Amino acid sequence: MKINRRSFIGSAAAGVGVMSAPMVMGAAHGTPNVVVIGGGAGGATAARYIARDGGDQVNVTLIEPTRTYYTCFFSNLYIGGFRTMESLGHSYGTLASEYGINVVHDWAVGVDRDAKTVALAGGGSVPYDKLILSPGIDFVDGAVPGWDVSAQNAMPHAYKAGSQTELLKAQVMSMREGGTYCMVAPPNPYRCPPGPYERVSMVAHQLKQTNPTAKILIVDPKEGFSKQGLFEQGWERHYSGMIERIGPDFGGANVEVDPAAMTVTIDGVVENVDVCNVIPAQRAGKIAHDAGVTDGNWAPVEAFALTSKMDPAIHVLGDSAAQGDMPKSGFSANSQAKVCANAVVGELTGSRVFPARFSNTCWSLIDTEDGVKVGAAYEPTEEKIASTGGFVSQTDETAEVRAQTYQESLGWYDAIVSDMFG
Ligand SMILES: Cc1cc2nc3c(=O)[nH]c(=O)nc-3n(C[C@H](O)[C@H](O)[C@H](O)COP(=O)(O)OP(=O)(O)OC[C@H]3O[C@@H](n4cnc5c(N)ncnc54)[C@H](O)[C@@H]3O)c2cc1C
């Protein structure tokens, strides 16, 4: 990192935590402006809590291009036939009407950190005293040879929910009898560690009913994956003989695709496939790179308030942040957003700042009523957000426990979307 005044202040801020509220920013020029880029799990939550707790002492602007946010969480359940797409869509109406948030439906295309303004694609710029970035992920160019976003109609990623998810499901449903669905799984770290494997479970659930001789092939660059024992046991129990995984020992890290020919080449061996779900390597959303607050991949932040290590006026939440031990999940982003919101409101208004505590649980559905989970609690340290202990479902659990875990996940979904959107 280049040492300049800004990065020096950033590193100093990283050490002190946010227990006290030392100054009221923006007081010199009236009500301070908080601008949030990205209205997803991190950004919508942060905007709502800052508007709610800051009241008329803070102006909040939320910049988000889409009018309906489709949650990635539970999008695999849509593929499995357990949810409708409508049930995953949420609007920003309540954030605007009940919380007084200035919701701007546009892309942020630049951040001027000296002038403290955000440029919009539609023209104009928005000034900020505090900027919160939660733009999610983008894909690493060239991560899977043969694939780029121009190939996403032939070989969907479905790793940003909405039309991509609908396309992938349509392809699965119209696959020829006995055909092959191939998933090219991503390397670590990526959004939702169990997500690809829950997806395979949900695709298998569909195919078992509509196309039982079909095959699922996972090409995976990783040695192991989240909840592996639970998934593999579930696949054997519910979808025996249907799913094959090729790990790095057998060429899972040496893959290229040809979207025009619908082939996947694994360690030099060409396979014809019918559906190919390419989930490439990931990095922080583009605007975080444009703002100059990433290390080239992710945005390093301190652990007490998710403050950028490169600029104390900027916080980075959710998938884009390099924060330590928390997985990149909606639950994590929501948890980080509440800690950040409390610190930001404290700094801007002098209100009380509580000690930071974080938590996460990732639920996955393997088959009807067969839900599993993994989770942990976290605390900030000088170095990172650190795990203080976790839990995971067991392979010998009863069907009742699994059904209960699935019911818990339904309750969690309702709670998080109401925490995000009011
Ligand atoms: C298949 C799948 C299943 C998942 N299941 C779960 C689960 O069960 N539980 C769980 O906790 N998590 C789950 N996740 C992960 C979860 O969806 C993400 O970790 C979470 O959404 C991250 O929140 P975020 O705020 O960082 O990004 P997002 O929620 O993606 O929000 C980013 C927002 O920023 C906007 N944006 C991007 N760039 C700009 C810009 N330049 N200007 C303005 N706006 C911009 C985007 O439009 C988007 O709305 C799953 C993910 C996938 C793909």
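Residues numbered from 1 in each chain as written. Predicted model: local features only at pLDDT ≥ 70, side-chain atom pairs only at ≥ 80, totals over all residues. Heavy atoms only, no water.

Draft legend 1. Layout of the site of the ligand. Neighbouring residues of the ligand: 34 residues in total, closest Glu64, Tyr69, Ser134, Arg191 and Asp319. Taking Ala41, its main chain carries an N or O atom lying 3.2 Å from an oxygen atom of the ligand. Between the ligand and Phe331, the relevant distance is 2.9 Å, taken from an oxygen atom to a main-chain nitrogen or oxygen of the residue. For the ligand, the protein covers 94% of the area, taking 1000 Å² as the surface of the free molecule. Elements represented by at least two residues in the shell around the ligand include exactly helix 2 (41–54), helix 3 (75–80) and helix 9 (330–349). The leading source of residues in the shell around the ligand is helix 9, at three residues. (Near = heavy atom within 4 Å. Polar contact = N/O pair within 3.5 Å; in protein donor to acceptor, adjacent residues only side chain to side chain. Areas by Shrake-Rupley, 256 points an atom, 1.4 Å probe, with all protein chains shown as cover. Helix = DSSP H or I, 4+ residues; strand = E, 2+ residues; numbered from the N terminus.)

Draft legend 2. Focus on the environment of Lys328. Tracing the chain through its elements places Lys328 in the loop between strand 21 (321–322) and helix 9. Distance in space between the C-alpha atoms of Lys328 and Ile279 is 15 Å, their sequence separation being 49 residues. Dropping the residues within four chain positions of it, Lys328 is found in contact with Pro189, Tyr190, Arg191, Cys192, Pro193, Trp298, Asp319 and Ala321. At a separation of 3.2 Å, a polar atom in the side chain of Lys328 contacts the main-chain carbonyl oxygen of Ala321. (Contact = heavy atoms within 4.5 Å.)

Draft legend 3. Inspection of the nonpolar core at higher detail. The biggest cluster of nonpolar side chains holds 124 residues, and the ones touching the most others in it are Leu133 and Cys276. Broken down by element, this core gets its largest block of residues, nine residues, from helix 9. In terms of domain composition, this core takes at least three residues from each of domain 1 (5–138 + 282–421) and domain 2 (141–278). For Leu133, the residues in contact, after removing those within four places along its chain, are Ile37, Ile287, Ala288, Ala291, Val293, Ile314, His315, Val316 and Leu317. (Core = buried A, V, L, I, M, F, W, Y, C linked by side-chain atoms within 4.5 Å. Buried < 20%, exposed > 50% of the residue type's maximum accessible area, 1.4 Å probe, protein only. Domains from an automatic or database assignment.)

Draft legend 4. The sheet that holds strand 16 (residues 269–272), seen in detail. What the three strands build is an open sheet, ordered 14-15-16; its pairing is antiparallel. Sheet topology places strand 14 (255–258) and strand 16 at the edges, where each strand pairs with a single neighbour. Ignoring strand direction, the axes of neighbouring strands in this sheet form an average angle of 25°. Pairing geometry for strand 14 and strand 15 (residues 263–266), over four bridges, is antiparallel. The partner of Asp258 across the bridge, within strand 15, is Thr263. (Pairing = 2+ DSSP bridges. Axes fitted to C-alpha atoms, helices over the stretch in contact; angles between N-to-C directions.)

Draft legend 5. Structural context of the packing of helix 2 against helix 9. Closest axis-to-axis distance for the helix 2/helix 9 pair is 8 Å, and the angle between their directions is 30°. Considered as vectors, helix 2 and helix 9 are oriented roughly parallel to each other. Seen from above, helix 2 lies across helix 9 with right-handed handedness. Contacts between helix 2 and helix 9 pair Ala41, Gly42, Thr45, Ala46, Tyr49, Ile50, Asp53 and Gly54 from the former with Gly330, Ala333, Asn334, Ala337, Lys338, Ala341, Val344 and Val345 from the latter. (Parallel < 35°, antiparallel > 145°, perpendicular 65-115°, else oblique. Left-handed = near helix turned anticlockwise from the far one by under 90°.)

Draft legend 6. Inspection of the domain arrangement of the protein chain at higher detail. For the protein chain, the domain assignment lists domain 1 (5–138 + 282–421) and domain 2 (141–278). Between domain 1 and domain 2, the residue contacts involve 36 residues of the former and 35 residues of the latter. Here domain 1 and domain 2 share an interface that buries about 3000 Å² over both sides, 58% of which is from carbon and sulfur atoms. Summed over the three residues of domain 1 that lose the most area to domain 2, namely Asn76, Ile79 and Ile366, the buried surface amounts to 23% of that side. Taken together, the links from domain 1 to domain 2 amount to two salt bridges. The partner of Lys160 in a salt bridge is Asp138, with the nearest N and O atoms 2.9 Å apart. (Buried area = accessible area lost by both parts, 1.4 Å probe. Salt bridge = Lys/Arg side-chain N within 4 Å of Asp/Glu carboxyl O.)

Draft legend 7. Broad picture of the state of the cysteines. Summed over the entire model, instances satisfying the criterion amount to zero disulfides. Residue Cys182 stays outside any disulfide, its sulfur separated by 4.4 Å from that of Cys276, the closest cysteine. Among the residues examined, Cys182 registers a relative accessible area of 0% and is labelled buried. The thiol of Cys192 is unpaired, and the distance to the nearest cysteine sulfur, on Cys362, comes to 5.3 Å. Take Cys192: its relative accessible area is 28%, and that puts it in the partly exposed class. (Disulfide = S-S within 2.5 Å.)

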